[in-house]
Amino acid sequence: MPAITPEPIMKIAMGFMAAKHLFAASEIRLFEALASGPASLDELADRTGVPSRTLAIAAAAMVGLGLIERDGDRYRNGDAVAAFLAGNPGADLRPMLRFFDKISYPTWQQLAAAVRSGQGQAQFGRFDKTEQQIFSAGVEAFSAPVAAALATSYDFGRHRRVLDVGGGTGSFLVAVLRRHDALKGTLFELPGACAVARQKLANEPEGKRIDVVDGDVFKDPLPAGHDALIVANTVHVFSAAHNIELMRKMRAGVEPGARLLLADLWTDPTHTQPPGAALMSGEFLVIAGEGQAYSEEEAGEWLGQTGWRKLERRPLAGLASLIVAEAV
Ligand SMILES: C[S@@+](CC[C@H](N)C(=O)[O-])C[C@H]1O[C@@H](n2cnc3c(N)ncnc32)[C@H](O)[C@@H]1O
């Protein structure tokens, strides 16, 4: 019989140290400082403006975690940080780390209180300008592969006008409209998020085909005249009762045959698979106050109760998948 060790517990319990080291290394621009090639500690201290002694602590942690390599007295970026955290062209996960560090991490300190009391902090609509910028950019970076996958894996050619409810910075609409010249889009978001979206969309050619409408899905009318609705990573910020209310309201605003596209971390009926979605439920609880990852079966029930017929579920990217429904 192999000896039982505390190793699995220790690894998980120390996980926050790994995450915080990563956030700090990205914040001091360690990976950017290594983007041009291997460097010594002194060269890195020069480039980052960080004292050698404490930089060595940060660099050693990154070596230990396998994110950078050390060869003699020189450090080099590993493949993953070179691709996603060094400021190279392509996907950029630095905004996601910033969001996890500056907004999620402090909020997670309330996890036990939220689990005990049944409710988290409900931060939406309460971010100041800086927090909103960090949140919106972070979520956009996190969900970029999902936006790209949705644009290619669903045929938007059948639609005229798409409404993205809780659409963040408009990144999903941009990805979709880029592939369909005739398609128009509407972004419906809380006012703080709309302010960030307007700035971003001003720099995108597709922005000219996107209307940005401020509103709260539970207090304001949804923009009319759409034959496809996207709800991406937003069902998970609401309670089950709120999701039923939202689906009913969306159904009332469209004609039969309209499509509802629910991109989210849909789980199995026990909410334990995929395991990453079970972890993210904590994030949705503490940040949104009432959210969690839901199962495909729960979504199917809500759709059935609110005038939608579930057509299919298909994979998107990472933990995310797509439920497609049609208005009956
Ligand atoms: C996790 S983000 C998802 C953003 C985007 N769809 C994506 O996948 O990147 C959830 C979004 O829902 C928006 N939201 C939350 N409550 C809302 C409400 N009551 N009305 C409208 N939007 C809301 C938030 O502002 C936030 O941008």
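For the structure, see preceding data.
Residues numbered from 1 in each chain as written. Predicted model: local features only at pLDDT ≥ 70, side-chain atom pairs only at ≥ 80, totals over all residues. Heavy atoms only, no water.

Quick notes on the overall build of the chain
Right, so step 1: Regarding its fold elements, the chain presents 14 helices and ten strands.
Right, so step 2: The globule rule puts the C-alpha radius of gyration for 328 residues at 20 Å, and the 22 Å found for the chain is close to it.
Right, so step 3: Counting only C-alpha atoms and orienting by the principal axes, one finds that the chain spans roughly 65 × 55 × 35 Å.
Right, so step 4: A buried classification covers 46% of the 328 residues belonging to the chain.
Right, so step 5: Across the chain, contacts joining residues at least 24 apart in sequence account for 69% of those joining residues at least 6 apart. (Helix = DSSP H or I, 4+ residues; strand = E, 2+ residues; numbered from the N terminus. Rg over C-alpha atoms; globule rule 2.2 N^0.38 Å. Buried < 20%, exposed > 50% of the residue type's maximum accessible area, 1.4 Å probe, protein only. Contact = heavy atoms within 4.5 Å.)

Points about helix H12 (residues 240-252)
Given 3.6 residues per turn, any residue in an α-helix points the same way as the ones three and four places further on.
Right, so step 1: Taking 1.5 Å as the rise per residue, H12 with 13 residues should run 18 Å; its terminal C-alpha atoms sit 19 Å apart, in good agreement.
Right, so step 2: Those residues of H12 that are buried lie in contact with strand E4 (161-165), strand E7 (228-232), strand E8 (259-264), helix H14 (296-305), strand E9 (308-315) and strand E10 (321-327). (Expected span 1.5 Å × (residues − 1).)

Here we look at the sheet that holds strand E6 (residues 210-214)
Right, so step 1: With mixed pairing, the seven strands of this open sheet are ordered in space as E6-E5-E4-E7-E8-E10-E9. Both edges of this open sheet fall to E6 and E9, since each of them pairs with a single strand only. Geometrically, the sheet is characterised by an average inter-axis angle of 20° between neighbouring strands, direction not taken into account.
Right, so step 2: Where E9 meets E10, seven bridges bridge the pair, whose relative direction is antiparallel. Bridged to tryptophan 308 within E10 is alanine 327.
Right, so step 3: On top of the sheet, helix H11 (residues 191-201) reaches strand E5 (184-189) and E6; it is set at about 160° to E6, its chief contact.
Right, so step 4: Where H14 meets the sheet, its contacts fall on E8, E9 and E10, and the angle it forms with E9 comes to roughly 155°. (Pairing = 2+ DSSP bridges. Axes fitted to C-alpha atoms, helices over the stretch in contact; angles between N-to-C directions.)

Remarks on the pattern of salt bridges
Right, so step 1: Throughout the structure, instances matching the rule amount to 20 salt bridges.
Right, so step 2: Note that arginine 29 is salt-bridged to glutamate 32, the shortest N-O span being 2.6 Å.
Right, so step 3: Judged by its relative accessible area of 21%, glutamate 32 falls in the partly exposed class.
Right, so step 4: Because the salt bridges share partners, they merge into one network encompassing Lys20, Glu27, Asp101 and Lys102. (Salt bridge = Lys/Arg side-chain N within 4 Å of Asp/Glu carboxyl O.)

Regarding the site of the ligand
Right, so step 1: Around the ligand lies a shell of 19 residues, among which Ser143, Gly166, Glu189, Ala232 and Asn233 are the nearest.
Right, so step 2: In this structure, valine 217 approaches the ligand through a main-chain N or O atom, which is 3.0 Å from a nitrogen atom.
Right, so step 3: Within the contact set of the ligand, a nitrogen atom lies 2.7 Å away from a backbone nitrogen or oxygen of alanine 232.
Right, so step 4: Contact with the protein chains removes 94% of the 590 Å² of surface that the ligand exposes when unbound.
Right, so step 5: No other element matches the three residues that helix H9 (residues 129-153) contributes to the shell around the ligand.
Right, so step 6: For the shell around the ligand, the per-class residue count stands at nine nonpolar, eight polar and two charged. (Near = heavy atom within 4 Å. Polar contact = N/O pair within 3.5 Å; in protein donor to acceptor, adjacent residues only side chain to side chain. Areas by Shrake-Rupley, 256 points an atom, 1.4 Å probe, with all protein chains shown as cover. Nonpolar A, V, L, I, M, F, W, Y, C, P; charged D, E, K, R; others polar.)

Some details on helix H5 (residues 52-64)
Right, so step 1: In a regular helix each residue adds 1.5 Å, so 13 residues correspond to 18 Å; H5 covers 18 Å between its end C-alpha atoms and thus fits that length.
Right, so step 2: Regarding H5, the residues found buried are Leu55, Ala58, Ala59, Ala61 and Met62. Considered in projection along H5, the buried side chains sweep an arc of 155° and stay on one side of the axis. Exposed side of H5, more than 90 degrees from the buried face: Arg53 and Gly64 are the residues found there.
Right, so step 3: Tucked into the core, H5 has its buried residues touching helix H2 (15-27), helix H3 (30-33), helix H4 (41-48), strand E2 (68-71) and strand E3 (74-77).
Right, so step 4: Of the residues trailing H5, glycine 66 is marked for its positive phi of about 80°. (Arc of directions from axis to C-beta.)

Thoughts on the sheet that holds E3
Right, so step 1: Pairing is antiparallel across the open sheet formed by three strands, whose spatial order is E1-E3-E2. For this open sheet the edge positions go to strand E1 (39-40) and E2, each flanked by a neighbour on one side alone.
Right, so step 2: Bridge count between E1 and E3: two bridges; the pairing is antiparallel. By the bridge assignment, serine 40 is partnered in E3 with arginine 74.
Right, so step 3: Sheet strands touched by H5: E2 and E3. Its angle to E2, the strand with the most contacts, is close to 105°.

Some remarks on the packing of H4 against H5
Right, so step 1: Between H4 and H5, whose axes approach to 10 Å, the crossing angle comes to 105°. Between H4 and H5, the angle falls in the class roughly perpendicular. Between H4 and H5, the residues in contact are Leu41, Asp42, Leu44, Ala45 and Thr48 and Ser52, Leu55 and Ala56, respectively.
Right, so step 2: Grouping the constituent residues of the contact of H4 with H5 by class yields five nonpolar, two polar and one charged. (Parallel < 35°, antiparallel > 145°, perpendicular 65-115°, else oblique.)

Focus: the nonpolar core
Right, so step 1: Ranked by size, the top nonpolar core spans 36 residues in total, and within it Leu150, Phe156, Ile210, Leu316 and Leu322 carry the most contacts.
Right, so step 2: Elements that contribute at least two residues to this core include exactly H9, helix H10 (171-178), H11, E6, E7, E8, helix H13 (275-288) and E10.
Right, so step 3: Here the element with the most residues in this core is H10; it accounts for six residues.
Right, so step 4: Residues in contact with phenylalanine 156, not counting those within four places in the same chain, are Leu150, Ala151, Val162, Val176, His180, Leu183, Ile230 and Leu261.
Right, so step 5: The next biggest cluster of nonpolar side chains, apart from the first, holds 33 residues, and it includes Ala59, Leu85, Ala86 and Ala114. (Core = buried A, V, L, I, M, F, W, Y, C linked by side-chain atoms within 4.5 Å.)

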